[in-house]
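Here is how the chains run, residue by residue.
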Amino acid sequence: MKHHPFLKGMAVCLSTLLAGLFVFFYATSRGLHRKYKIDYTIPAINNWPSVGNLQVGIGVRQITPLMEYYDTWTDINGNGAYEPDIDTYEDVNGNDTFDLVWMAGFDSNRPAQGVNDPLWSRAIAFRNNGLTIVLVSIDSIGLTYDQYISIRQMVKKIRSDIDHITFAATHTHNAPDTIGLWSYRLLLNSRFDEEYIKFLQQCTCDAILEAVENLVPTDTIIANAYVPKENFSRDSRQPIMVDHQLPVAWFRKKINGQSIGTLASWGMHPEAFGSENTFISSDFVHYYRQAMENGLTGTNGFVGFGGRSVFFTGPVGGLMTQLGLEITDRFGQQQSHDGRDKAQAQGENLAILASQALRGSTAKKMEDQYVALSAKTFYSPVGWPMKILVALGTVHPGLYGNIFATKVRSEINAIRVGEIELLTTPGEIFPEIVDGGIETPDGADIPIPPVEVPPLRHCMTGWLNLNINLGMDEVGYIVPISQWDRKPPYTYENKKAPYGEVYIGTPKASRIIYQTSIELLDHLHTTLRNAPEKTALPGPMPDSH
């Protein structure tokens, strides 16, 4: 029997189309640095060099977009959103292209009109017992693992004496889109700014190199401040759990006492400027760092600590926010409206707590000086709709597994610097996974007892214990399995599904992230037990209420 020419042609076209789609998806789903992965604990159990004086160095670089290279626009109706039928823009660079800085967070139609305060990459380096580690805080909504790997490789080409670099974003909602969700990357007319990513990566590389160049023997003061819920935090999703811990450290040169800078971490979304803001800023983090460095004059003022302040964002899932929260500033004035005044009030209030802790009776000089780490690449499941975006290479490029069992590659780090312990989390983890309080509410999709127990911070053994969110990645909200809620009836008598689950798409992720975190903490603690002149792990930090 002869085949009909039309049917034969259709079969050829269909085969060609399917082959083309296969090639397209294969290319877009591969991601950068496909074969990159790590899994190590340093120093090894039987390979501890002698422990000397801890060395610390800080390096900083501005990563504020160079606004003269971008167009400007006028917000005619003052709603913070660009509306082409109402608002106007000026082609400043004369290239006939719509070149605006698309800000991340909130809606995907919020281009910047100017700069309130500069954005930074701030790197702090630690060296002892033959090991050099660098921690980097970046004023960004978040970067994905592949983008961080590129910076590591840039540094490696210049210096081979850095054993490990870990990165985290402050998660400010007033910085350029570095992920692709807010700059139309999903469309054919994508406005995602690849050149800004390159600029950020180069500046961050330079900050890391400067931090290592600045390494000097150091004395360290450590303290833990208690942050009350009132006037500081609003949890917009039940159960109500906030981050009460503000661990802070002050590093000074051993030779002359000159300040190198401070290190701190606390869980709060930097979004006090609100959704209508069109000015670039690191939000309350800017005012916190500024106060820690330079001090505050007048009411509730204090003398600054000098040097550079390095701030990391703690557990923010759940959702930790200032939106809808009235904050009383240090002068007694109530700041109820989102904007600069609220951000300044929160940042300065937080700095006052940090200052009081560092100069208070519970602060102590850090005695242990060693450096150690355990780090591992792992693969976490991702659900709908995120798996489509991953497969298309638009958000978190790099698909592992297959379209039905999609996984993304990420990384967790457990780090010890003397009596300071740090655990990175590749997203926004719910505080109840870190500090306890997981529930199994009525209406939960998976009504089982809490899985992510005991709380992560209870498994850490430093005098100070920092959980750093958006560390090495941004995979979305890390929701406890027993609180997962996408189907009715909804938990806590909500009329609609709560905010958060859609960004990671699967309840399986939290278990894997939790178990990998515990595994790395176990590896870190095992090698610490073999550290020279160390007979036992220190206990958990004291309660500083």
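Residues numbered from 1 in each chain as written. Predicted model: local features only at pLDDT ≥ 70, side-chain atom pairs only at ≥ 80, totals over all residues. Heavy atoms only, no water.

Before going further, it helps to spend a moment on the pairing of strand S16 (residues 308–313). Of all the six residues making up S16, five are buried; the element is thus mostly covered by neighbouring parts of the structure. In this sheet, S16 lies alongside strand S12 (residues 259–266) in parallel orientation, the contact comprising six bridges. Bridge pairing in S16 links Ala264 to Phe311. (Buried < 20%, exposed > 50% of the residue type's maximum accessible area, 1.4 Å probe, protein only. Helix = DSSP H or I, 4+ residues; strand = E, 2+ residues; numbered from the N terminus. Pairing = 2+ DSSP bridges.)

What follows is about the confidence of the model for the protein chain. Confidence along the protein chain averages 92 in pLDDT terms, with 94% of residues attaining 70 or more. Predicted confidence is poor over residues 534–545, with pLDDT under 50, and the contacts of this stretch with residues over four places away or in other chains come to 27 contacts. (pLDDT = per-residue confidence, 0-100. Contact = heavy atoms within 4.5 Å.)

In this section: the environment of Tyr492. Of note, Tyr492 is situated in the loop between strand S27 (477–478) and helix H8 (508–528). According to the relative accessible area criterion, Tyr492 is partly exposed, its value standing at 23%. Separated by 195 residues in sequence, Tyr492 and Thr297 have C-alpha atoms that sit 45 Å apart. With sequence-adjacent residues up to four places away left out, Tyr492 is seen in contact with Gln238, Pro239, Glu439, Pro441 and Asp442. Within the structure, Tyr492 has its side chain in polar contact with the side chain of Glu439 (distance 2.6 Å). (Polar contact = N/O pair within 3.5 Å; in protein donor to acceptor, adjacent residues only side chain to side chain.)

Bringing the nonpolar core into the picture now. Phe126, Val134, Phe167, Ile208, Phe251 and Ile420 are the most contacted members of the largest nonpolar core, which totals 67 residues. By residue number, the principal contributor to this core is helix H3 (residues 194–213), which donates nine residues. Residues within four places of Ile208 in sequence aside, it is in contact with Ala123, Val134, Val136, Ile151, Val155, Ile162, Ile165 and Phe167. (Core = buried A, V, L, I, M, F, W, Y, C linked by side-chain atoms within 4.5 Å.)

Burial analysis of S12 places eight of its eight residues in the buried class, which makes it a mostly covered element. Where strand S11 (residues 245–253) lies against S12, five bridges are found, and the strand directions are antiparallel. Residue pairing in the sheet places Trp250 in a bridge with Thr262 of S12. The antiparallel pairing of S11 with S12 creates a hairpin that spans five residues between the two strands, and Gly257 there sits at a positive phi of about 80°.

Scanning all chains against the criterion turns up 16 aromatic pairs. Geometrically, the ring pair formed by Tyr196 and Phe199 is tilted, given 6.0 Å between the ring centres and 45° between the ring planes. Of this pair, Tyr196 and Phe199 both sit in helix H3, separated by three residues, roughly a single helical turn. Since its relative accessible area comes to 26%, Phe199 is described here as partly exposed. Ring geometry for Phe284 versus Phe311: centroids 5.9 Å apart, planes at 85°, classification edge-to-face. On the criterion of sequence distance, the pair formed by Phe284 in helix H4 (residues 284–294) and Phe311 in strand S16 is long-range, its members being 27 residues apart. Residues Phe284 and Phe311 agree in their burial class; the two are buried. Ring pairs connect the aromatic residues Phe232, Trp266, Phe284, Tyr288 and Phe311, which therefore count as one cluster. Above the ring of Phe305, the side-chain terminus of Arg359 is found at 4.0 Å from the ring centroid. (Phe/Tyr/Trp six-rings, centres within 6.5 Å; stacked < 30°, edge-to-face > 60°. Lys NZ or Arg CZ within 6 Å of the ring centre and 35° of its normal.)

What follows is about the pattern of salt bridges. Within this structure, the stated rule accounts for 18 salt bridges. A salt bridge links Lys365 to Asp219, with the nearest nitrogen and oxygen atoms 3.8 Å apart. Residue Lys365 is located in strand S20 (residues 364–365), and its partner Asp219 is located in strand S9 (residues 216–226); the two are separated by 146 residues in the primary sequence. Each of Arg127, Arg159, Asp161 and Glu213 takes part in one network of salt bridges that share partners. (Salt bridge = Lys/Arg side-chain N within 4 Å of Asp/Glu carboxyl O.)

Here Thr132 shows up in strand S7 (residues 131–138). The buried category is assigned to Thr132, whose relative accessible area is 3%. Leave out the neighbours within four places in its chain, and Thr132 touches Phe126, Arg127, Asp161, Ile162, Asp163, His164 and Leu215.

A surface patch of nonpolar side chains, amounting to about 300 Å² of accessible area, comprises Leu14, Leu17 and Leu18. Locating Leu17 in the fold gives a position in helix H1 (residues 5–28). (Patch = residues over 30% accessible without salt bridge, like charges linked within 9 Å, V, L, I, M, F, W, Y side chains within 5 Å. Areas by Shrake-Rupley, 256 points an atom, 1.4 Å probe, with all protein chains shown as cover.)

The element H4 is extensively covered by neighbouring structure, given that nine of its eleven residues are classed as buried. For H4, the complete set of buried residues consists of Phe284, Val285, His286, Tyr287, Tyr288, Arg289, Ala291, Met292 and Glu293. Among the residues trailing H4, Gly295 stands out with phi positive, at a value near 85°.

This part is about the packing of helix H2 (residues 145–158) against H3. Across the interface, H2 lies against H3 with an axial gap of 9 Å and an inter-helix angle of 45°. Our classification of the angle between H2 and H3 gives oblique. As for how H2 packs across H3, the hand of that crossing is right-handed. Where H2 approaches H3, its residues Gln147, Ser150, Ile151, Met154, Val155 and Ile158 are matched on the opposing element by Ile197, Gln201, Gln202, Thr204, Cys205, Ile208 and Leu209. Taken together, the residues that form the contact of H2 with H3 break down as eight nonpolar, five polar and no charged. (Axes fitted to C-alpha atoms, helices over the stretch in contact; angles between N-to-C directions. Parallel < 35°, antiparallel > 145°, perpendicular 65-115°, else oblique. Left-handed = near helix turned anticlockwise from the far one by under 90°. Nonpolar A, V, L, I, M, F, W, Y, C, P; charged D, E, K, R; others polar.)

In the contact formed by H4 and helix H5 (residues 340–358), the axes pass within 7 Å of each other and the chain directions differ by 40°. The angle between the axes of H4 and H5 places the two elements in the oblique class. Where H4 crosses over H5, the two elements pack in a sense that is right-handed. Contacts between H4 and H5 involve Phe284, Tyr287, Tyr288, Ala291 and Met292 from the former and Arg340, Ala343, Gln344, Gln346, Gly347, Glu348, Leu350, Ala351, Ala354 and Leu358 from the latter. Split by residue class, the contact of H4 with H5 holds ten nonpolar, three polar and two charged.

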